[in-house]
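For reference, the chains in residue letters:
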Amino acid sequence: MLRIGSGIDVHAFAEGVPLWLGGILIPHPRGLAGHSDGDAVVHALIDALLGAAGLGDIGDWFPSTDERWRGAPSTEMLRHVWKDLSAQDWRLENADLTIVAHEPRLAPFRQPMRQALADALSCPIGKISVKATTTDGLGALGRGEGVLATATVLLSLSE
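Residues numbered from 1 in each chain as written. Predicted model: local features only at pLDDT ≥ 70, side-chain atom pairs only at ≥ 80, totals over all residues. Heavy atoms only, no water.

A. Up close: helix α4 (residues 110-121). Taking 1.5 Å of rise per residue, the 12 residues of α4 would be expected to cover 16 Å, and the 16 Å separating its terminal C-alpha atoms lies within 8% of that figure. Among the structural elements, β2 (19-21), β3 (24-26), α1 (40-53), α3 (74-87), β5 (90-100) and β6 (128-133) are those in contact with the buried residues of α4. Within two residues after α4, Ser 122 carries a phi angle of roughly 50°, on the positive side. (Helix = DSSP H or I, 4+ residues; strand = E, 2+ residues; numbered from the N terminus. Expected span 1.5 Å × (residues − 1). Contact = heavy atoms within 4.5 Å.)

B. A look at the sheet that holds β6. Judged by pairing direction, the sheet is mixed, and its five strands sit side by side in the order β4-β1-β7-β5-β6 without closing on themselves. Pairing within the sheet leaves two strands with one partner each, and these edge strands are β4 (30-32) and β6. In this sheet, neighbouring strand axes are inclined to one another by 20° on average, regardless of whether the strands run parallel or antiparallel. Two elements, β5 and strand β7 (residues 146-157), share 10 bridges in a ladder whose sense is antiparallel. Counterpart to Thr 98 in the pairing with β7 is Thr 150. Relative to the sheet, α1 contacts β1 (2-15), β4, β5 and β7, its axis offset from that of β1 by approximately 155°. Of the strands in this sheet, β5 and β6 are in contact with α4, which crosses β6 at around 145°. (Pairing = 2+ DSSP bridges. Axes fitted to C-alpha atoms, helices over the stretch in contact; angles between N-to-C directions.)

C. Geometry of the pattern of salt bridges. Evaluation of the coordinates by the stated rule reveals seven salt bridges. Residue Glu 145 pairs with Arg 143 through a salt bridge whose shortest N-O separation is 2.7 Å. Since its relative accessible area comes to 39%, Glu 145 is described here as partly exposed. (Salt bridge = Lys/Arg side-chain N within 4 Å of Asp/Glu carboxyl O. Buried < 20%, exposed > 50% of the residue type's maximum accessible area, 1.4 Å probe, protein only.)

D. Quick peek at the packing of α3 against α4. One can describe the packing of α3 onto α4 by two numbers: an axis separation of 8 Å at closest approach and a directional angle of 40°. Overall, the two elements α3 and α4 adopt an arrangement that is oblique. For the pair α3 and α4, contact is made by Thr 75, Leu 78, Arg 79 and Trp 82 and by Leu 117, Asp 119, Ala 120 and Leu 121, respectively. Of the residues assigned to the contact of α3 with α4, the class counts are five nonpolar, one polar and two charged. (Parallel < 35°, antiparallel > 145°, perpendicular 65-115°, else oblique. Nonpolar A, V, L, I, M, F, W, Y, C, P; charged D, E, K, R; others polar.)

E. Structural detail: the side chain of His 43. Within the fold, His 43 resides in helix α1. Ignoring any residue separated from it by four or fewer positions in sequence, one finds His 43 in contact with Asp 9, His 11, Ser 36, Asp 37, Gly 38, Ile 58, Ser 74 and Met 77.

F. Structural view of α3. Spanning 14 residues, α3 covers 20 Å between terminal C-alpha atoms, matching the ideal 20 Å at 1.5 Å per step. Every buried residue belonging to α3 is among Ser 74, Thr 75, Met 77, Leu 78, Val 81, Trp 82 and Leu 85, and all of these are buried. Projected down its long axis, α3 carries its buried residues within an arc of 150°, all on one side. Exposed positions of α3 whose direction lies more than 90 degrees from the buried face are Lys 83 and Ala 87. Where α3 is buried, its residues contact α1, α2 (58-61), β5, α4 and β7. (Arc of directions from axis to C-beta.)

Here is the structure:
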């Protein structure tokens, strides 16, 4: 059985916090606001995985009222979800992620992101794709107010 899941997440930039995207720390004067580390890429991926498995969304698993996850690395949240999905015999076929941001320039960080996500999911890097684009100056993202990430995953389950 094959199941497709999609996820989307957006976070505003905030002063005084580090910028985590795709499981890596990126040098930038502002980070992303959030209950955890604000990693919109990992959050979109978690939602896509949970959606494909029919297991709710990131808010169900990690509500902002749960202090255990305040400031937590999003990759730890991803590992937690993937451990449960793997225990149910879900297998990742591939994950395709797109980051929409005016800043910072993300091309130099795509490969390290792929590796960090593959490590968190215990899968080969070839199963992870990370792309980046801008809105060409349009809207809040084009004004550099935040970052949006989308994720699409294909999971398989042996029956």
